[in-house]
Amino acid sequence: MYTRFNASQSVEIAVPEERVPIQHYLRQPRRLVNALVDRSRTQQLTDECFRLKMRPLQFMMLSIQPTVDMRVWAQADGTINLESVACFIRGVDYINDRFALNLKGQLCVHQSSGVSYLKGKADLEVQVELPPPFWLTPKPILEATGNALLKSVLVSVKQRLMSQLLSDYRRWASNETEVISIELPQILSLEG
């Protein structure tokens, strides 16, 4: 029995003003990935592609651990896009062979009354053929449970984004400012 689960999540974060604009920070997809997922659970495959090992998830009596290959890229204006390009499930071959995950998201900077905001949205969809023991469970119960599980995944990603991204941005901006203040006098003395 194929079942489809869906969830969406939006985010809006006021960005504290730093000497280096957030758009410069967002042009580094690796930093965003590290803000979203613990570094111990990520592997960089290419400049834009990352393998993310999710925490084990419980769906009724089933425990699964998805691993998602995610393409993350920045546009010139600092807008970050992400989309899943592959997914596999460890430990349950039946599910792995009958599982499809589609994640799309975007995060961009908006200005309003002199304040910068990060606005974003993520849409997550899973299609899966559940094993025979689940066939006796009414489809509305399966869908409600699956949708709630996906929603909880997106909410935890949102919470991590809201806490980790801004603190990493502050650290990065202060380091960038230090580099500029150290290098500028050296450059000026070389020119003189």
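Residues numbered from 1 in each chain as written. Predicted model: local features only at pLDDT ≥ 70, side-chain atom pairs only at ≥ 80, totals over all residues. Heavy atoms only, no water.

**Points about the pairing of strand 5 (residues 62–74)**
Among the 13 residues of strand 5, 10 are classified as buried, and the element is accordingly described as predominantly covered. As paired strands, strand 3 (residues 49–53) and strand 5 are joined by 5 bridges and run antiparallel to one another. Its bridge partner lying in strand 5, L52 is registered against V68. Taken together, the 10 bridges between strand 5 and strand 6 (residues 80–90) define a ladder with antiparallel strand orientation. Bridging from a neighbouring strand, P66 pairs with I89 of strand 6. Here strand 5 folds back onto strand 6 in antiparallel fashion, the turn holding 5 residues, of which G78 has a positive phi close to 95 degrees. (Buried < 20%, exposed > 50% of the residue type's maximum accessible area, 1.4 Å probe, protein only. Helix = DSSP H or I, 4+ residues; strand = E, 2+ residues; numbered from the N terminus. Pairing = 2+ DSSP bridges.)

**Here we look at the confidence of the model for the protein**
For the protein, per-residue confidence averages 86 on the pLDDT scale, and residues scoring 70 or more make up 91% of the total. Of all the helices and strands in the protein, helix 4 (residues 139–191) carries the lowest mean pLDDT, 78, while strand 3 carries the highest, 94. Note that pLDDT drops below 50 for residues 179–185; the model gives that stretch 1 contact with residues more than four away or on any other chain. (pLDDT = per-residue confidence, 0-100. Contact = heavy atoms within 4.5 Å.)

**Topic: the nonpolar core**
In this structure, L32 and L118 are the most contacted members of the largest nonpolar core, which totals 51 residues. Here the element with the most residues in this core is helix 4; it accounts for 11 residues. (Core = buried A, V, L, I, M, F, W, Y, C linked by side-chain atoms within 4.5 Å.)

**Quick notes on the environment of D97**
Its location among the elements puts D97 in the loop between helix 3 (93–96) and strand 7 (99–112). Overall, D97 belongs to the exposed group, its relative accessible area being 59%. Expressed as a C-alpha distance, the spacing of D97 and Q43, which sit 54 residues apart in the sequence, is 23 Å.

**Some remarks on a nonpolar patch on the surface**
A cluster of nonpolar side chains, namely M60, M61 and I141, defines an oily patch on the protein surface of about 310 Å² accessible area. Following the sequence through the fold, M61 ends up in the loop between strand 4 (57–59) and strand 5. (Patch = residues over 30% accessible without salt bridge, like charges linked within 9 Å, V, L, I, M, F, W, Y side chains within 5 Å. Areas by Shrake-Rupley, 256 points an atom, 1.4 Å probe, with all protein chains shown as cover. Salt bridge = Lys/Arg side-chain N within 4 Å of Asp/Glu carboxyl O.)

**A look at unusual backbone geometry**
In the Ramachandran plot, S113 falls in the positive-phi region, its phi being about 50 degrees despite a non-glycine side chain. Considering the arrangement of structural elements, one finds S113 in the loop between strand 7 and strand 8 (115–129).

**Describing the state of the cysteines**
Covalent bonding between the sulfur atoms of two cysteines is what defines a disulfide. A full pass over the atoms with the stated rule returns 0 disulfides. Distance from the sulfur of C87, which forms no disulfide, to the nearest cysteine sulfur (C49) is 12 Å. (Disulfide = S-S within 2.5 Å.)

**Concerning the layout of surface pockets**
Quantified by volume, the largest pocket comes out at close to 950 Å³. As for the largest pocket, its lining consists of 48 residues, of which M54, L103, V153, L154 and V157 are closest to the centre. A per-element tally of the lining of the largest pocket places helix 4 first, with 10 residues. What the second largest pocket holds in volume is close to 150 Å³. For the second largest pocket, the full set of lining residues is V15, P16, E17, E18, P21, I22, Q23, Q111, G114, V115, S116 and Y169. (1 Å grid on protein atoms, 1.4 Å probe; cavity = no way out; pocket = protein on both sides within 12 Å on 5 of 7 lines; lining within 4 Å. Points joined across faces, edges and corners; volume = space filled by probe spheres on them.)

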